[in-house]
Amino acid sequence: MKIALVGIGKIAVDQHVPAIAASSNWELAATVSRSGTVEGIDAYTDLEEMLQSCGDIRVVSLCLPPVPRYAAAQAAIRAGRHVMLEKPPGATLSECHALEAMAREHRVSLFATWHSREAAGVAQAKQWLAGKDLHRLSVTWKEDVRRWHPGQDWIWQPGGLGVFDPGINALSIVTEILPDPIHVQSALLEVPENCQTPIAASIEFSHPKGAQVGAVFDFRQSGEQIWTIEVETGQGTLVLSEGGAKLTIDGSDLLDQDHLSLQGEYPRLYARMADLVSHGDIDMDLAPMRHVADAFTLGRRISVAPFIE
Ligand code: NAP
């Protein structure tokens with residue numbers, strides 16, 4: 001299938017272009033970006049123009065930041081294209097519901113991708129946790145924003161999510177592996193005085209069986225970068241680290257070589273998109289986004305030192 005990539009920024013170049021190139025399902029046929037291009041691929045600066053000119057491109061993958069994503073998704077769906085959405089699938093939950101309704105009306109596939117759910121250890125972690133008695137789950141997601149998000153001013157603007165931009169990846173794993181539903185009980189948001197979004201946040205969740213569930217996110221981490229989820233159960237302790245790529249149970253590595261040699265996160269997302277399109281299906285799980293929205297609704301805000309890149 002021919003596919004167009006919209007928003008040729010960091011993630012498009014780092015992950016989407018190589019995942020498409022490595023797949024026999026997909027052919028990158030066009031890009032849309034005000035400034036970015038991919039060598040050898042037809043480049044457009046205007047989405048509507050691409051949609052009108054390229055009737056043979058039936059699938060559009062949106063790698064824009066969350067705020068401009070809705071208008072682009074709406075235009076693509078209206079033009080009868082199947083749409084793949086980078087995470088988070090929109091700037092608001094209502095936008096996502098509207099897109100889903102529109103996709104159903106136009107009979108096209110729509111995929112809210114959560115790349116961290118495709119990390120190597122996540123499926124096995126989910127399997128192991130099924131039926132276990134949860135005592136405690138704690139997320140520690142601490143990274144250096146200057147290293148991973150250089151020049152991305154949109155992260156600090158309304159809708160940009162701040163530290164929840166990576167934090168929502170952790171929540172996408174938590175909502176995938178936990179057998180029971182959780183909800184935000186309290187949150188603390190640390191917002192730089194010159195920004196609109198938090199540079200650090202912590203959340204306490206309510207768990208139906210009283211387990212302690214919490215998350216700490218921080219964009220000010222220097223030195224070791226930490227993307228870890230620790231889960232204590234009555235039957236052992238599970239640790240997902242390196243963003244879900246590494247899994248240990250009671251200290252033993254659980255991923256066998258075959259598992260480790262499987263394709264990475266983005267190839268799996270594109271394989272799933274091919275499947276959704278071939279079956280005419282929609283996958284719009286908004287659970288990670290609901291928790292972030294609830295943290296913004298319920299969270300206590302404190303003002304912290306300005307962020308200067
Ligand atoms: P980025 O490097 O800033 O690239 C964003 C792209 O969108 C650029 O091509 C940009 O400009 C285009 N764009 C269109 N309208 C825009 C607007 N109003 N403001 C800013 N850019 C606009 O961002 P990114 O890191 O690729 O992130 C994009 C999405 O991917 C985010 O939702 C992020 O959460 C997700 N993601 C990022 C990473 C990562 O490691 N960076 C990992 C996984 C997922 P042009 O139109 O000029 O090209």
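Computed from a prediction, not measured in an experiment: that's the story for all the values here.

Colleague: Could you give me a rundown of the site of the ligand, with the residues and numbers involved?
Modeller: In the region of the ligand, 23 residues are neighbours, and Ile11, Ser33, Arg69, Gln152 and Asp165 sit closest. For the ligand, an oxygen atom lies 2.3 Å from a polar atom in the side chain of serine 33. In this structure, serine 35 approaches the ligand through a side-chain N or O atom, which is 2.9 Å from an oxygen atom. Elements with a contribution of two residues or more to the shell around the ligand: α1 (10-21) and α3 (66-78). Considering every element that reaches the shell around the ligand, the biggest residue donor is α3, with three residues.

Colleague: Hey, could you go over the side chain of glutamine 221 for me, with residue numbers and the actual values?
Modeller: Tracing the backbone through its elements, the reader meets glutamine 221 in the loop between β10 (212-218) and β11 (226-233). Once you skip the residues sitting within four places of it in the chain, glutamine 221 turns out to touch Lys142, Glu143, Asp144 and Ile226.

Colleague: Give me the lowdown on helix α9 (residues 265-279), citing residues and values where you can.
Modeller: For α9, with 15 residues, the first-to-last C-alpha span of 21 Å sits near the 21 Å given by 1.5 Å per residue. Tyr266, Leu269, Tyr270, Met273, Ala274, Leu276 and Val277 are the residues of α9 that are buried. Buried residues of α9, viewed axially, fall in a sector of 165°; they line one side. Those residues of α9 that are exposed and aimed more than 90 degrees away from the buried face are Ser278 and His279. Buried residues belonging to α9 abut β1 (2-6), α1, β4 (59-62), β5 (82-85), β6 (110-112) and β15 (282-283).

Colleague: Before we move on, could you go through the packing of α3 against helix α4 (residues 93-106) and cite the residues and values that matter?
Modeller: With their axes 10 Å apart at the nearest point, α3 and α4 run at an angle of 10° to one another. For the element pair α3 / α4, the angle class is roughly parallel. For the pair formed by α3 and α4, the contact residues are Tyr70, Ala73, Gln74, Ile77 and Arg78 on the first element and Glu95, Ala98, Leu99, Met102, Ala103 and His106 on the second. Grouping the amino acids of the contact of α3 with α4 by side-chain chemistry returns seven nonpolar, two polar and two charged.

Colleague: Give a detailed account of unusual backbone geometry, specifying residues and quantitative values.
Modeller: Cis geometry is found at the peptide bond from lysine 87 to proline 88, where omega equals -15°. Looking at where proline 88 falls in the secondary structure, it is placed in the loop between β5 and α4. Even without being glycine, arginine 107 reaches a positive phi, approximately 55°. In this structure, arginine 107 sits in the loop between α4 and β6.

Colleague: How would you summarise the pairing of β4 if you had to cite specific residues and measurements?
Modeller: What you see with β4 is no split at all: Val59 and Ser61 on one side and Val60 and Leu62 on the other are buried throughout. When β4 meets β5, the two strands line up parallel, connected through four bridges. Counted as the bridge partner of leucine 62 is leucine 85 from β5.

What counts and how
- Residues numbered from 1 in each chain as written.
- Predicted model: local features only at pLDDT ≥ 70, side-chain atom pairs only at ≥ 80, totals over all residues.
- Heavy atoms only, no water.
- Near = heavy atom within 4 Å.
- Polar contact = N/O pair within 3.5 Å; in protein donor to acceptor, adjacent residues only side chain to side chain.
- Helix = DSSP H or I, 4+ residues; strand = E, 2+ residues; numbered from the N terminus.
- Contact = heavy atoms within 4.5 Å.
- Expected span 1.5 Å × (residues − 1).
- Buried < 20%, exposed > 50% of the residue type's maximum accessible area, 1.4 Å probe, protein only.
- Arc of directions from axis to C-beta.
- Axes fitted to C-alpha atoms, helices over the stretch in contact; angles between N-to-C directions.
- Parallel < 35°, antiparallel > 145°, perpendicular 65-115°, else oblique.
- Nonpolar A, V, L, I, M, F, W, Y, C, P; charged D, E, K, R; others polar.
- Pairing = 2+ DSSP bridges.

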